[in-house]
Amino acid sequence: MLRWPWPKVIAHRCGGALAPENTLAGLAIAARIGCRAVEFDVMLSRDGEPVLIHDETLDRCANSSGTVAALDGALLMATDVGERFHHAFAGETIPSLDAALRRCRELGLAANLEIKPAQGHDVETGRVVGRRLASLGPDQRPALLLSSFSEGALEAAVAEAGDIPRGWLAPAFSAGALDTATRLGCVSLHLAVEGLEAAHVAAARAVGLRVLVYTVNDPADARRLAGWGVSGVFTDRPDLLLDAIR
């Protein structure tokens, strides 16, 4: 099995619940409390700029509305997503993928980049993300793990940047999820904590896959999963889980 360089605690959407999601502020906070890895979501703007955002619209995280795939990158990257979280973060905007990768390198953070295509943009999103990563080269980017719920997006990214390890995201364990992860040459299978069983983890490990679990916020759950052989967890409370592991 491939040597596994990832820590057991991965901050969900950059900083978890400690900062506005998918922001540079989240990366800074994650690093400050001792995280060594983060996860974030990448979607394309109308003009093909990869930016960090989870939803297909701005409504939940910004004091404005609009559809990500219908807005230009410059407008998105000027959109305040901090004020809605807390006034202390006012002025924190949606970052570009390039800016997030630079900051991860500066902070020494590994990054699980989830390709999050807007509906109907799967292959295009994967291709653009893969090309952007390939253009940087291994010495210009942080340690990376690509993942997606979209098979088309992940395949397109791998076609452009095949040297980057990848993981398959599935809502629940199944034989189909194992097959897909294996066929795509994944090193890991990412599964929801709800409904997960020790036997599922064992089955994935038996075919050479690491298991990462989302979204785990209870230290007791994290310890139980570690006992099952889970390699890491995505969490909104990295502060609690880091303390528990220490």
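In what follows, the structure referred to is the one given above.
Residues numbered from 1 in each chain as written. Predicted model: local features only at pLDDT ≥ 70, side-chain atom pairs only at ≥ 80, totals over all residues. Heavy atoms only, no water.

### Side note on the nonpolar core
As a reminder of what qualifies: Here the nonpolar core consists of buried residues drawn from Ala, Val, Leu, Ile, Met, Phe, Trp, Tyr and Cys, with membership extended through side-chain atoms lying within 4.5 Å. Any residue under 20% of the maximum accessible area for its type is buried, any over 50% is exposed, and the rest in between are partly exposed; the area is computed with a 1.4 Å probe on protein chains only. Here a helix means four or more residues in a row that DSSP labels H or I, a strand means two or more in a row labelled E, and each is numbered from the N terminus.
The biggest cluster of nonpolar side chains holds 52 residues, and the ones touching the most others in it are Val 38, Phe 40, Leu 113, Trp 168, Leu 189 and Val 213. No other element matches helix α3 (residues 97-107), which puts five residues into this core. Counting residues in each nonpolar core, the second largest holds 12 residues, with Trp 4, Ala 110, Val 187 and Tyr 214 among its members.

### Looking at the environment of His 200
For clarity, the cut-off: Contacts were defined at the residue level, with two residues in contact if any of their heavy atoms lie within 4.5 Å.
Within the secondary structure, His 200 sits in helix α7 (residues 198-206). Here the alpha-carbon distance between His 200 and Ala 175, two residues 25 residues apart in the chain, equals 9.5 Å. Beyond its immediate chain neighbours, meaning those up to four positions away, His 200 contacts Phe 173 and Gly 195.

### As for the packing of helix α1 (residues 24-32) against α3
Think of two packed helices as two axes; the pair is described by the angle between the axes and how far apart they sit. Let me state the cut-off plainly: Fitting a line to C-alpha atoms yields each axis, with helices limited to the stretch in contact; the angle taken between N-to-C directions then spans 0 to 180 degrees. Just so you know how the angles are binned, under 35 degrees is roughly parallel, over 145 roughly antiparallel, 65 to 115 roughly perpendicular, and the rest oblique. Helix crossings are classified by the rotation of the near helix relative to the far one: an anticlockwise turn of less than a right angle makes the crossing left-handed, while a clockwise turn makes it right-handed. All amino acids are sorted into three groups, where Ala, Val, Leu, Ile, Met, Phe, Trp, Tyr, Cys and Pro are nonpolar, Asp, Glu, Lys and Arg are charged, and the leftover types, Gly among them, are polar.
The N-to-C vectors of α1 and α3 enclose an angle of 15°; their axes lie 10 Å apart at closest approach. The orientation of α1 relative to α3 falls into the category roughly parallel. The handedness of the crossing between α1 and α3 is right-handed. Counted together, Leu 24, Leu 27, Ala 28 and Ala 31 of α1 and Ala 99, Ala 100, Arg 103, Cys 104 and Leu 107 of α3 form the full contact between these two elements. Its residues assigned to classes, the contact of α1 with α3 comprises eight nonpolar, no polar and one charged.

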